[in-house]
Amino acid sequence: MSFMWNVEILIIALVVVRISQWLYRWSNPNVKFNGKLPPGSMGFPLFGETFDFFKPCGFLEIPPFFQNRIKRYGSLFRTNIMGSKTVVSTDSDVIFEIFRQENQSFELSYPDVFVKVLGKDNLFFKTGDIHKHIKKNTMHLIGSEGLKISMIRSMNQATREHLNWKASEGTFDLKDAVSSLIASYMTPKLISNLKPETQAKLIDHFKAFNLDWIRSPFAPSTWKIIYNVLKASKGAMHVIKEALKKRKESREQHGDFLHTLLEEMEKEGSIYDEASVINLLLTIGVISKDTTSVATALMVNLLSKNPKVLAELKREHAAILQKREDKEAGVSWEEYKYNMIFTNMVINESLRLSNLGSMLFRKALIDVEIKGYTIPAGWIVAVAPSVVHYNSEIYENPLEFNPWRWEGKDLRSVTKTLMVFGGGTRQCVGADFARLQMTVFLHQLVTNYDFSLVQECEMTRTPFPCITKNLLINISPKSPK
């Protein structure tokens, strides 16, 4: 009996030792370099600190996940999120350096859960020369020249028509309205020869494919959202595939983005095949309307609470309208570039407070020395521009909506302290598109309508922005003077 008891004790001791070793290795990752890992905690085995990372908090605050670790470890710390060994940076200099070393020491990389929904072959995840080529093609559509030549006219027309329609409708959700108007003119830019019913179906698929599942992955409704997203993705890809097939058979030229991609497909050594063309059209159709519509709704929400800012904005646009020969014409490229100084200040401040790109992910390609610590090759690097944007050492009264803080500054430059569209070679290709659409919307709204809020927009952070209550608004045509 004594012998068996001793054997049992020995087995239990060995199990405890093995578990202790495993827990130690989890908490203290084995790395093959002589440098020093950033301080931090790897959290619980398997789950890491994922649940703490996604814990909801107030919209206008730095999430406690960052606050608590910054106080304990500083602005550079290690953790484990969604099964990935991760180094988090909230330091503006470090973030800017990571962006600067894009495709040298770091490359775009996201945790597996993001990749699975969008598809591992999605062109959004491509790096290096492939990404440069895709970016060049996409800039023809939504870069400065594409916006100037044709997109601004479509924006003006669609925004005017949608606001006119909404004025007669009564209360409406502003985010949904902006999403609809973007989809209405962007879809024909992507594929221009669709039958009306087919185009309407594709627009519905684009609208149903949203990014809410990213912003709130542990909400009870998440799996339903993911199911709807995958269903919308499948439907959109089917429509695009049929359009691609017909275009290849007919050889018709329509001057749309599909035509551009077909020409690229036929070049020797092309990076495109049928699947990647379909994927890119889907990605642009979805992303172009999603974040811009949220940013516009939050901007109007902020303006409604700040009558002094709204009055100055109205003054600037009234002056522009007064100088314009054709009062019915929309915003011209010259007005946008040279006559909307305060408008750009408002947009900058709205984007800073909105912090829609609150977290961006990269992967270290080699061991990288930063701030006396080593980021090991293969580790995910999560940078948090949102923490920089709310830093009181950089922005006085950072949670105050104050467009005048941008007075005299370069309003469109990417700096170490304003990274709302990311930075480096992976800076969001749609940055100019989003700014222009927000400008056109503001111009149409403040020159032609009076508006009032029925329900304020409410959001939380998880740490990604998550809308909990939509912005409901009423608009009515201004009385003629």
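Residues numbered from 1 in each chain as written. Predicted model: local features only at pLDDT ≥ 70, side-chain atom pairs only at ≥ 80, totals over all residues. Heavy atoms only, no water.

**Looking at the overall build of the chain**
Scanning the chain from terminus to terminus reveals 18 helices and 13 strands. When each of the 481 residues of the chain is scored for burial, the buried share is 50%. When the accessible surface of the chain is split by element, carbon and sulfur atoms take 54% of a total near 23200 Å². (Helix = DSSP H or I, 4+ residues; strand = E, 2+ residues; numbered from the N terminus. Buried < 20%, exposed > 50% of the residue type's maximum accessible area, 1.4 Å probe, protein only. Areas by Shrake-Rupley, 256 points an atom, 1.4 Å probe, with all protein chains shown as cover.)

**Quick notes on the packing of aromatic side chains**
Overall, the coordinates contain nine aromatic pairs when judged by the stated rule. Pairing F53 with F54 gives two aromatic rings, centres 4.9 Å apart and planes at 85 degrees, and the pair type is edge-to-face. Judged by centre distance (5.4 Å) and plane angle (55 degrees), the ring pair of W333 and Y336 falls under tilted. A residue pair is termed a helical-turn pair when its members lie 3 or 4 positions apart in one helix, as W333 and Y336 do in helix α15 (residues 333–338) at three residues. Assessed through its relative accessible area of 12%, W333 is described here as buried. Connected via pairs of aromatic rings, a cluster forms that spans F53, F54, F65, F66 and F77. The ring centre of W165 lies 4.4 Å from the NZ or CZ of K166, which sits over that ring. The cationic tip of K308 hangs over the ring face of W404; the distance from NZ or CZ to the ring centre is 5.1 Å. (Phe/Tyr/Trp six-rings, centres within 6.5 Å; stacked < 30°, edge-to-face > 60°. Lys NZ or Arg CZ within 6 Å of the ring centre and 35° of its normal.)

**Notes on the sheet that holds strand β10 (residues 449–455)**
Spatially, three strands are ordered β5-β13-β10 in an open sheet, and the strand pairing comes out antiparallel. In this open sheet, the two strands that pair with only one neighbour each are β5 (172–173) and β10. Pairing between β5 and strand β13 (residues 472–477): two bridges, direction antiparallel. When the bridges of β13 are listed, D173 appears paired with L472. (Pairing = 2+ DSSP bridges.)

**Overview of the sheet that holds strand β4 (residues 106–108)**
As a general point, the strands of a sheet are linked pairwise by backbone hydrogen bonds and lie either parallel or antiparallel. Taken in spatial order, the five strands of this open sheet run β2-β3-β9-β6-β4, and their pairing is mixed. Two strands bound the open sheet, and with one partner strand each, they are β2 (76–81) and β4. If you compare each strand with its neighbour and ignore which way they point, the axes differ by 35 degrees on average. Where strand β3 (residues 84–89) lies against strand β9 (residues 380–383), four bridges are found, and the strand directions are parallel. Considered in β9, the bridge of V88 is made with A382. Where helix α3 (residues 64–73) meets the sheet, its contacts fall on β2 and β3, and the angle it forms with β2 comes to roughly 135 degrees. Sheet strands in contact with helix α4 (residues 92–100) are β2, β3, β4, β6 (360–364) and β9, and its direction is about 125 degrees off that of β9. (Axes fitted to C-alpha atoms, helices over the stretch in contact; angles between N-to-C directions. Contact = heavy atoms within 4.5 Å.)

**Overview of the environment of A377**
Counting through the fold element by element, A377 comes out in the loop between β8 (373–375) and β9. For the pair A377 and I366, spaced 11 residues apart in sequence, the C-alpha separation works out to 4.3 Å.

**Concerning unusual backbone geometry**
Negative phi is the rule for most residues except glycine; trans is the rule for most peptide bonds. You will see that M82, though not glycine, has its phi angle at about 55 degrees, which is positive. Non-glycine residue N355 carries a positive phi angle of around 50 degrees. Locating N355 in the fold gives a position in the loop between α16 (341–354) and β6. Judged by its relative accessible area of 2%, N355 falls in the buried class.

**Describing the UniProt feature "binding site: heme" (unreviewed entry) in the chain**
With numbering aligned to this structure, UniProt lists the feature "binding site: heme" (unreviewed entry) at C428. Assignment of secondary structure puts C428 in the loop between α17 (385–389) and α18 (431–448). (UniProt positions renumbered as here; feature names shortened; annotations may be inferred.)

**Looking at the pairing of strand β12 (residues 465–469)**
Pairing geometry for strand β11 (residues 458–461) and β12, over four bridges, is antiparallel. Looking at the pairing, R461 lines up with P465 of β12. Between the antiparallel neighbours β11 and β12 lie three residues.

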